[in-house]
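The residues making up each chain are set out below.
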Amino acid sequence: PPTLAEAGEIARAAWERRDLAAFVAPALGGRLLVTLPPGNQSAPITADQARALLSSYVQGTQEVATLLAAARVVDSLQGYVELTRRYLLVGIPGERRATILLGYRRGRTVWVLTEVRIAP
């Protein structure tokens, strides 16, 4: 089975290429919690709803780079990945940064995405 770091690298690459369907695919049909700035958390939503919400969030931005900052196993069933997003707002000078925290639980053969939390 893939390691948590490998799951994080897959998520990083999907975000960087703006493939949000691939980004939320590790939810495996389950529901996700999504928190976007300024801290508004959704109720548990489907992967398709999460993809649409994230698509709306990134609209009007241009990715510069997305880096895997950390991948940590918390206990035998849970882990998290931290991504650092560098981006531009279209038409506005100056690079911005955000932290993307991904919560995972260990499945039988994969890490299952359960939460996406984005903070400025």
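Cut-offs used in this document
- Residues numbered from 1 in each chain as written.
- Predicted model: local features only at pLDDT ≥ 70, side-chain atom pairs only at ≥ 80, totals over all residues.
- Heavy atoms only, no water.
- Pairing = 2+ DSSP bridges.
- Helix = DSSP H or I, 4+ residues; strand = E, 2+ residues; numbered from the N terminus.
- Buried < 20%, exposed > 50% of the residue type's maximum accessible area, 1.4 Å probe, protein only.
- Salt bridge = Lys/Arg side-chain N within 4 Å of Asp/Glu carboxyl O.

## Here we look at the pairing of strand β4 (residues 78–89)
Move 1: Sheet analysis places strand β3 (residues 61–73) next to β4, joined by 11 bridges and oriented antiparallel. Counted as the bridge partner of E63 is Y87 from β4.
Move 2: Hairpin connection, β3 to β4: the antiparallel pair is bridged by four residues.
Move 3: Strand direction decides the pairing type here: β4 and strand β5 (residues 95–106), joined by 11 bridges, are antiparallel. Paired with T84 across the two strands is T99, which belongs to β5.
Move 4: Connecting β4 to the antiparallel partner β5 that follows it, the hairpin turn spans five residues, and G91 within it adopts a positive phi of roughly 85°.

## Focus: unusual backbone geometry
Move 1: Residue P38 follows P37 across a cis peptide bond; omega there is 10°.
Move 2: Relative to the elements of secondary structure, P38 occurs in the loop between β1 (33–36) and β2 (40–41).
Move 3: In the Ramachandran plot, L28 falls in the positive-phi region, its phi being about 55° despite a non-glycine side chain.
Move 4: Positionally, L28 belongs in the loop between α2 (20–24) and β1.
Move 5: Accessibility expressed as a relative area gives 56% for L28, which makes it exposed.

## Some remarks on the sheet that holds strand β6 (residues 111–119)
Move 1: Taken in spatial order, the six strands line up as β2-β1-β6-β5-β4-β3 in an open sheet, and their pairing is mixed. A strand with exactly one partner marks an edge of an open sheet, and here the two such strands are β2 and β3.

## Describing the pattern of salt bridges
Move 1: Applying the stated criterion across every chain yields a total of seven salt bridges.
Move 2: A salt bridge links R12 to E16; its shortest N-O distance comes to 3.0 Å. Of this pair, R12 and E16 both sit in helix α1 (residues 4–16), four residues apart, which is roughly one turn of the helix.
Move 3: For E16, a relative accessible area of 32% gives the class partly exposed.
Move 4: Between D19 and R17 there is a salt bridge, with the nearest N and O atoms lying 3.6 Å from each other.
Move 5: Relative accessible area serves as the criterion here: at 28%, D19 is assigned to the partly exposed category.
Move 6: Judged by its relative accessible area of 51%, R17 is exposed.
Move 7: Within the structure, one salt-bridge network assembled from shared partners comprises E9, R12 and E16.

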